[in-house]
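An overview of the molecular structure
Now for the letters of each chain:
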Amino acid sequence: MQALVHDPDAPHQLSLGTAPDPKPRDTQALIQVAAISFNFGEIVYRSPQTLPGYVSGWDAAGVLVQAALDGSGPAVGSRVVSFGWGGAWAELRAVDTTELAVVPDGVDLFAASALPVAGVTALQACRRLGAVLGRRVLITGASGGVGRFAVQLAALAGAYVIASVGSPARGEGLRELGADEIVLGPAALTEPVYGVIDNVGGGQLAEAFDRLEDDGVVLAIGKASGEPTLIDFEQARVNTARGRLENFNVSTPFGKDLAYLLRLLESGKLDPQVGWRGPWTRASEAADELVARRIQGKAVLDLTST
């Protein structure tokens, strides 16, 4: 099968080549992949131990061509979106049935492919904040994939949403998604916030923690800045009586959360925010645009056209 394989000498260590067809386990279904989406983390943070020819990738949508032998999951012919820590960037993908969901007829497969990591991360982070009805919630890196989903989901949960972006241009469209305010970094906040979903790390994470309400919480999700975070906890005690900082990791399986997000897509309550779409032969271009922060939202690659 064709696949985007690990190539240490290629841009972003990716090239279009060939790989062996996957062999599904009894609990896995086989998918003919139609679309994949790139995530910042899987492009930038590649393990130095990755072997040439390895097929990476987390998010993929397509048509199920072989059902799981244990009888779990949907039937052959079902349109599905899937998640896994690898194997997405190929014509065929074997995936556990607990990590996929059936895509409704009214939802485009390419839109569905944008959901898994970014959408489920944002969903689980919003849940982790707890009740946010009427509370001020800051989302840093709000113009990225996770950020744009988080803005929408926090707004749906009743939060007063503050979107933090790197430039005015990066803030375009966020008010339409539910942002009540747009700021250029946490330092620009005029009032404290109850919750923070931080995708940036570094100095912005420290600034956000310093601007919590009493008993507020910061969820440290990502490190798009590439910078370490240094927090002066003595100063934090002066500014906030009590505040929590939590490291956050998305939890599996994804199936039920994907099904929920698909229902929101189908009803028009959620927009996948696909900011770039093209054939997978242009994977290097998509990666360039994503890493350079020139894409607002998600980059989706089409395996059905060239």
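Each remark here, short or long, concerns the structure printed above.
Described below are features of the structure shown in this document. These figures come from a predicted structure and were not determined experimentally.

Counting its regular elements, the chain contains 9 helices and 15 strands. Compactness check: the chain gives a C-alpha radius of gyration of 20 Å against a globular reference of 19 Å for 306 residues, within 12% of the reference. Taking the principal axes of the C-alpha coordinates as reference, the chain spans close to 60 × 40 × 30 Å. The proportion of buried residues among the 306 residues of the chain is 53%. Expressed as a percentage of contacts within the chain between residues at least 6 apart in sequence, the contacts between residues at least 24 apart total 70%. Summing over all exposed atoms, the chain offers an accessible surface of approximately 13200 Å²; the carbon and sulfur share of this is 51%. Charge-centre separation for the chain: the mean point of 25 positive side chains lies 3 Å from the mean point of 34 negative side chains.

Take the environment of arginine 242 next. Among the secondary structure elements, arginine 242 is positioned in the loop between α7 (233-239) and β13 (243-247). Once the C-alpha coordinates of arginine 242 and glutamate 213 are considered, the two residues, 29 residues apart in sequence, prove to be 8.0 Å apart. Setting aside anything within four residues of it in sequence, one finds arginine 242 in contact with Glu213, Asp214, Asp215 and Gly216.

Within the structure shown, the criterion is met by 11 salt bridges. Among the ionic pairs, aspartate 215 bridges to arginine 242, the shortest N-O distance being 2.8 Å. One end of the pair, aspartate 215, is in strand β12 (residues 212-220); the other, arginine 242, is in the loop between α7 and β13, with 27 residues separating them in the sequence. Here glutamate 285 makes a salt bridge to arginine 282, at a shortest N to O gap of 2.7 Å. Through salt bridges that share partners, Arg128, Arg244 and Glu246 make up one connected network.

Conventions we followed
- Counting from 1, residues in each chain are numbered in the order their sequence is written.
- With the structure being a predicted model, the display of local features is reserved for residues of pLDDT at least 70 and the display and counting of side-chain atom pairs for 80 or more, all residues being used for whole-chain, interface and lining totals.
- Each side-chain value is worked out from all heavy atoms of the structure, with water and hydrogens disregarded.
- Note on conventions: DSSP H or I runs of at least 4 residues are helices, E runs of at least 2 residues are strands, and numbering of each starts at the N terminus.
- Atoms counted for the radius of gyration: C-alpha only. Globule rule: 2.2 Å times residue count to the power 0.38.
- For every residue, the accessible area obtained with a 1.4 Å probe (protein chains only) is divided by the maximum for its type, and the residue is called buried under 20%, exposed over 50%, and partly exposed between those limits.
- Whether two residues are in contact is decided by their heavy atoms: any pair within 4.5 Å suffices.
- In this description, accessible areas are obtained by the Shrake-Rupley approach with a 1.4 Å probe, and a residue is regarded as covered only by the protein chains that are shown.
- The charged-residue count follows a simple rule in which Lys and Arg add positive charge and Asp and Glu add negative charge, with His and chain termini not counted at all.
- Charge coordinates come from a single atom per side chain, which is NZ of Lys, CZ of Arg, CG of Asp or CD of Glu.
- By convention in these notes, a salt bridge is any Lys or Arg side-chain nitrogen within 4 Å of a carboxyl oxygen on Asp or Glu.

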